[in-house]
Amino acid sequence: MLDRLQAVEDRYEKLNELLSDPEIINDSRKLRDYSKEQSDIQETAQTYKEYKEVHDQYQDAKAMLEEKLDPDMREMVKEELNELQENINSLEEKLKILLIPKDPNDDKNVIMEIRGAAGGDEAALFAGSLYRMYSRFAEVQGWKIDVMDSNPTGLGGFKEIIFMINGNGAYSKLKFENGAHRVQRVPETESGGRIHTSTATVAVLPEAEEVEVEIHEKDIRVDTFASSGPGGQSVNTTMSAVRLTHLPTGTVVSMQDEKSQIKNKEKAMKILRARVYDKFQREAQAEYDQNRKLAVGTGDRSERIRTYNFPQNRVTDHRIGLTIQKLDQIIEGKLDEIIDALIVEDQSSRLQNADE
């Protein structure tokens, strides 16, 4: 581990030199790439530097015990050694986590797709609740939200809503939201006060750049049609709506949110690229999972991952057995406690796999 950490520190110092080189400063591509690489390893390099400093202090204190010291001084040195050893142990654990290979998608923007599933109108209302929950969480993070397509219901819910979240590290925090979310509550339309159970599915796709997934024009079938509103009635006499079909994978994206066919095609293409990229990523992950299964994954979307129980003000994440009695806060976007627990569990699982 120490050899790997020294290599990271050496690279960090080299990048500092490169980023001061006028030739690099004048090359926007190299400047961007080197700056990102430096940012990615900065915490590891700085933590390793701190680890070495604390380790040196420990060795110095240990050497003092071999000298002739009065009883009070000897006791003080022993206390300092204990504190330094605890610090070293803590830094070693942190460095192990920092050395876990980073998910290349972690820094990306995300495209989230929320759909009402089992439960009719109540499922659509729950989909709307989830959209507002993620929107408020994103706002607190300082991220920007852009609704790409939606199919609202008359009661204020969504049969489906697709939106992009632009923000540094968005995927790293939201990737574990993939799956089926279950709600238990008394619907507003229920006069008898009975608790209903409904579900909505959430998909979290990392935004894919053109260089990451190659989609050829010849592999896409483009269909245009008139936009329609709730109930299927036409709301636009022009053929502004677009349907893209990626023939090799059978992936289909329809878009009618914009009045312009060009803008609809641009949005549809962005979603199509993300879905195709996600499909390839999942196939690769499935192959990996045949050998090792992580405790927390980005998961099969049919898997029920979480239950929101309104009568008991309770949220339970079934993957890690976490139950929190703060549903009223969580549904308002205060997701940090759940997300942090999922990240810690994922890191622990990866550490365990690395040691095997």
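Anything mentioned here points back to the structure above.
The structure displayed is predicted, hence computed values, not measured ones.

(A) Region of the structure containing a nonpolar patch on the surface. There is a patch of nonpolar side chains on the surface, built from M64, M73 and M76 and spanning about 260 Å² of accessible area. For M64, the position within the fold is in helix 3 (residues 28–64).

(B) Geometry of helix 1 (residues 2–18). With 17 residues, helix 1 extends 24 Å between its outermost C-alpha atoms, agreeing within 8% with the 24 Å of an ideal straight helix rising 1.5 Å per residue. Taken together, the buried positions of helix 1 are occupied by L5, V8, E9, Y12, L15 and L18. Where the residues of helix 1 are buried, they touch helix 2 (22–25), helix 3 and helix 4 (71–98).

(C) Quick peek at the packing of helix 3 against helix 4. At their nearest, the axes of helix 3 and helix 4 sit 9 Å apart, and the two run at 155° to each other. Accordingly, the angle class assigned to the pair helix 3 and helix 4 is roughly antiparallel. For helix 3 against helix 4, the interelement crossing comes out left-handed. Split by residue class, the contact of helix 3 with helix 4 holds 13 nonpolar, six polar and six charged.

(D) Geometry of the sheet that holds strand 6 (residues 220–225). One open sheet holds the three strands; their spatial order is 6-7-8, and the pairing between them is antiparallel. Both edges of this open sheet fall to strand 6 and strand 8 (251–255), since each of them pairs with a single strand only. On average, each strand axis in the sheet is inclined to that of its neighbour by 15°, with strand direction left out of account. Taken together, the six bridges between strand 6 and strand 7 (residues 241–246) define a ladder with antiparallel strand orientation. Considered in strand 7, the bridge of V222 is made with L244.

(E) A look at unusual backbone geometry. Phi is positive for N313, close to 55°, though the residue is something other than glycine. Checked against the element boundaries, N313 lands in the loop between strand 9 (304–309) and strand 10 (314–317).

(F) Local environment of the sheet that holds strand 9. With mixed pairing, the eight strands of this open sheet are ordered in space as 2-3-1-5-4-9-10-11. Of all strands in the sheet, those bounded by a partner on one side alone are strand 2 (144–152) and strand 11 (322–324). Between one strand and the next, the sheet's axes are offset by a mean angle of 15°, whatever the strand orientation. Pairing of strand 2 with strand 3 (residues 158–166) involves eight bridges; the strand directions are antiparallel. In the sheet register, V147 faces strand 3, and the bridge partner there is F163.

Analysis parameters
- Residues numbered from 1 in each chain as written.
- Predicted model: local features only at pLDDT ≥ 70, side-chain atom pairs only at ≥ 80, totals over all residues.
- Heavy atoms only, no water.
- Patch = residues over 30% accessible without salt bridge, like charges linked within 9 Å, V, L, I, M, F, W, Y side chains within 5 Å.
- Areas by Shrake-Rupley, 256 points an atom, 1.4 Å probe, with all protein chains shown as cover.
- Salt bridge = Lys/Arg side-chain N within 4 Å of Asp/Glu carboxyl O.
- Helix = DSSP H or I, 4+ residues; strand = E, 2+ residues; numbered from the N terminus.
- Expected span 1.5 Å × (residues − 1).
- Buried < 20%, exposed > 50% of the residue type's maximum accessible area, 1.4 Å probe, protein only.
- Contact = heavy atoms within 4.5 Å.
- Axes fitted to C-alpha atoms, helices over the stretch in contact; angles between N-to-C directions.
- Parallel < 35°, antiparallel > 145°, perpendicular 65-115°, else oblique.
- Left-handed = near helix turned anticlockwise from the far one by under 90°.
- Nonpolar A, V, L, I, M, F, W, Y, C, P; charged D, E, K, R; others polar.
- Pairing = 2+ DSSP bridges.

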